[in-house]
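Listed here are the chains, written in short residue letters.
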Amino acid sequence: MGHWTVNQAGKSIVLIGMMGAGKSSVGRCLQRRTQFALLDTDEIVASKFGLSIPEIFSKYGEQVFREAETQALREMAHDKQTIIVTGGGIVLCEDNLDFLKRLGVVVWLDSKEETLFERVARSGNRPLLQRGNPREVFAQILQARLPLYAKVANIRVDTSVLTDEEIAVAILSKLGKLGRNWRPGSPIPSTAR
Ligand code: S3P
């Protein structure tokens, strides 16, 4: 895997992006290919409450979910290489942007708005889309978040026309070009973008 070697502190692969971007499935592909542990902020929060994400939203509200999400991120070890899958709203809290950057290389999985919405509409388990007109709400949420994803991401991958495996390969190939001296929080050399 090029210079993307194991046992380098703070070089986790952190997946961010909107609901429907494929973070969980790409995370599983990356996990299989790298053999790193896989951590998922939604799963950590759900297991802490012993409830599903929609149940947490309806019982305690979004704010409580967001605090638990930040806590999960804050507690992630910096000295282990992991694949980290995050919820689409992780970028809403300013502190999280720093936590994300310190954990490793931040990869933004992006796609066309229509594609993202179709995927999300099919699964029907996103509490934020249970009110108003889901298509309009989705568009508003996405517009508000795009600058935040762009701000924190080291690398952006357009997932519209790629399979999950292809996306994982593309990510690992970009990371291979980073070189062993790259440190989390540093800019990405143009050759690796
Ligand atoms: C959310 C995305 C969800 C989950 C929660 C809130 C969001 O995760 O964290 O429903 O605000 O975009 P996915 O991005 O995996 O759907």
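Going by the structure above, here's the rest.
Peer 1: Where do I start with the site of the ligand in this structure?
Peer 2: Around the ligand, 13 residues are found, and the nearest of them are K23, D42, R66, R126 and R145. D42 places a polar side-chain atom, nitrogen or oxygen, 2.7 Å from an oxygen atom of the ligand. G89 is positioned such that a nitrogen or oxygen atom in its backbone is 3.4 Å from an oxygen atom of the ligand. For the shell around the ligand, the residue count by class is five nonpolar, three polar and five charged.

Peer 1: What is the right way to read the packing of helix 2 (residues 41–49) against helix 4 (residues 62–74) from this model?
Peer 2: Two quantities define a packed helix pair, namely the angle between the axes and the distance from one axis to the other. Running from amino to carboxyl end, helix 2 crosses helix 4 at an angle of 115°, the nearest separation of the two axes being 9 Å. Considering their axes alone, helix 2 and helix 4 lie roughly perpendicular with respect to each other. Crossing handedness for the pair helix 2 and helix 4: right-handed. For the pair helix 2 and helix 4, the contacting residues are T41, D42, I44, V45, K48 and F49 in the first and V64, F65, A68, E69, A72 and L73 in the second. The residue inventory of the contact of helix 2 with helix 4, partitioned by class, reads eight nonpolar, one polar and three charged.

Peer 1: For this particular structure, what's the right way to read the pattern of salt bridges?
Peer 2: Where charged atoms of side chains with opposite charge meet at close range, the side chains can pair. For the structure on display, the rule yields eight salt bridges. The shortest N-O distance in the salt bridge between R32 and E165 comes to 2.9 Å. In this pair, R32 is assigned in helix 1 (residues 23–34) and E165 in helix 8 (residues 164–176), connecting sequence segments 133 residues apart. Here R32 falls in the partly exposed class, since its relative accessible area comes to 49%.

Peer 1: How do you make sense of helix 3 (residues 53–60) when you look at a structure like this?
Peer 2: Residues spaced three or four apart along an α-helix point in a common direction, a consequence of the helix completing one turn every 3.6 residues. Within helix 3, the full set of buried residues consists of I53, I56 and F57. What you see down the axis of helix 3 is that its buried residues fit within an arc of 100°, all on one side. In this structure, helix 3 carries S58 and K59 as exposed residues pointing more than 90 degrees from its buried face. On its buried face, helix 3 sits against helix 2 and helix 4.

Peer 1: Just checking my understanding: could you explain unusual backbone geometry for this structure?
Peer 2: Peptide bonds are trans in most cases, and residues, glycine excluded, mostly fall at negative phi. Notably, Q35 is not glycine yet its phi reads approximately 65°, a positive angle. Turning to its location among the elements, Q35 is positioned in the loop between helix 1 and strand 2 (37–40).

Peer 1: I tried to follow the pairing of strand 1 (residues 12–16) on my own but got confused; where do I start?
Peer 2: Of all five residues making up strand 1, five are buried, and the element is well covered by its neighbours. Every second residue of strand 1 is oriented toward a common face, with S12, V14 and I16 on one face and I13 and L15 on the other, all of them buried. Here three bridges tie strand 1 to strand 3 (residues 82–85), and the two strands are oriented parallel to one another. Note that in strand 3 the partner of I13 across the bridge is I83.

What counts, and where the lines are drawn
- Residues numbered from 1 in each chain as written.
- Predicted model: local features only at pLDDT ≥ 70, side-chain atom pairs only at ≥ 80, totals over all residues.
- Heavy atoms only, no water.
- Near = heavy atom within 4 Å.
- Polar contact = N/O pair within 3.5 Å; in protein donor to acceptor, adjacent residues only side chain to side chain.
- Nonpolar A, V, L, I, M, F, W, Y, C, P; charged D, E, K, R; others polar.
- Axes fitted to C-alpha atoms, helices over the stretch in contact; angles between N-to-C directions.
- Helix = DSSP H or I, 4+ residues; strand = E, 2+ residues; numbered from the N terminus.
- Parallel < 35°, antiparallel > 145°, perpendicular 65-115°, else oblique.
- Left-handed = near helix turned anticlockwise from the far one by under 90°.
- Contact = heavy atoms within 4.5 Å.
- Salt bridge = Lys/Arg side-chain N within 4 Å of Asp/Glu carboxyl O.
- Buried < 20%, exposed > 50% of the residue type's maximum accessible area, 1.4 Å probe, protein only.
- Arc of directions from axis to C-beta.
- Pairing = 2+ DSSP bridges.

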